[in-house]
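# Notes for the structure review
Each chain is listed here by its residues.
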Amino acid sequence: MASVYLTFGIVGARANFGDASVFLGYGATSEVVTSSIASAQSTNAAGATEFVQIYCATAVYALTGANPTATATNGIYCPPGTLVRLAPKEGHKVAVIDA
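Residues numbered from 1 in each chain as written. Predicted model: local features only at pLDDT ≥ 70, side-chain atom pairs only at ≥ 80, totals over all residues. Heavy atoms only, no water.

## Digging into the overall build of the chain
Of regular secondary structure, the chain possesses 0 helices and 9 strands. Taken from N to C terminus, the helices and strands of the chain fall in the order β-β-β-β-β-β-β-β-β. Computed over C-alpha atoms, the radius of gyration of the chain comes to 13 Å, within 12% of the 13 Å expected from 2.2 N^0.38 for 99 residues, which places it in the range of a compact globule. Scored against the burial criterion, the 99 residues of the chain give a buried share of 40%. Relative to all contacts within the chain whose residues are 6 or more apart in sequence, the contacts with residues 24 or more apart total 69%. Looking at charge distribution, the chain has the averaged site of its 4 positive side-chain charges lying 3 Å from that of its 5 negative ones. (Helix = DSSP H or I, 4+ residues; strand = E, 2+ residues; numbered from the N terminus. Rg over C-alpha atoms; globule rule 2.2 N^0.38 Å. Buried < 20%, exposed > 50% of the residue type's maximum accessible area, 1.4 Å probe, protein only. Contact = heavy atoms within 4.5 Å. Lys, Arg positive; Asp, Glu negative; His and termini not counted. Charge placed at Lys NZ, Arg CZ, Asp CG, Glu CD.)

Structure, rendered in C-alpha cells:
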C-alpha cells in the first residue's frame, strides 16, 4: 500500500520554457489515492483540456476511464519515484493498483 498523488490540471507551453510543455499550476485539483492489491479509483475527474500527473514512491499501474479498474495487464506502468502524465478524456477518472 502506498499513497499515490494525482493532480489534474492544464499543460501548456510557456515562453520562458521554449517549446517544453509544463504543468501550468493554476486551476489544478489534487488528491491522494491509496494503492493496494485491489484497484482504487480517484474521486476527481479530468476537465476538457486537463492532463493528470501521477506520482508514487512505489511502482503502480494506472488506468483512465469513465469507471476504470486498473490491473497489471491493462494499466500503464508508473515507475517508483517518477512523474507520469496521462491525457484522460473529459470526465474520466484514474484507477491505480500496486505493481
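## Side note on the packing of aromatic side chains
The geometry of an aromatic ring pair comes down to the distance between the two centres and the angle between the two planes. Within this structure, the stated rule accounts for 2 aromatic pairs. Ring geometry for Y5 and Y55: centres 6.5 Å apart, planes at 35°, overall tilted. With Y5 in strand 1 (residues 2-13) and Y55 in strand 5 (residues 50-56), this residue pair connects regions lying 50 residues apart in the sequence. In this structure Y5 comes out as partly exposed when scored by relative accessible area, which is 42%. (Phe/Tyr/Trp six-rings, centres within 6.5 Å; stacked < 30°, edge-to-face > 60°.)

## Quick look at the environment of V4
Note on placement: V4 falls in strand 1. Placed 54 residues apart in sequence, V4 and T58 show a C-alpha to C-alpha distance of 8.6 Å. Residues within four places of V4 in sequence aside, it is in contact with E31, V32, V33, S35, I54, Y55, C56, V60 and V96.

## Some words on the side chain of S42
When you line up the elements, S42 lands in the loop between strand 4 (40-41) and strand 5. A polar contact is formed between the side chain of S42 and the backbone oxygen of N44, at a distance of 2.8 Å. (Polar contact = N/O pair within 3.5 Å; in protein donor to acceptor, adjacent residues only side chain to side chain.)

## With respect to the sheet that holds strand 9 (residues 93-98)
Across the sheet, 4 strands lie side by side as 4-9-6-7; this open sheet has antiparallel pairing. Pairing within the sheet leaves two strands with one partner each, and these edge strands are strand 4 and strand 7 (76-78). In the sheet, strand 4 pairs with strand 9 via 2 bridges, with the strands oriented antiparallel. The residue of strand 9 that forms the bridge with A40 is V96. (Pairing = 2+ DSSP bridges.)

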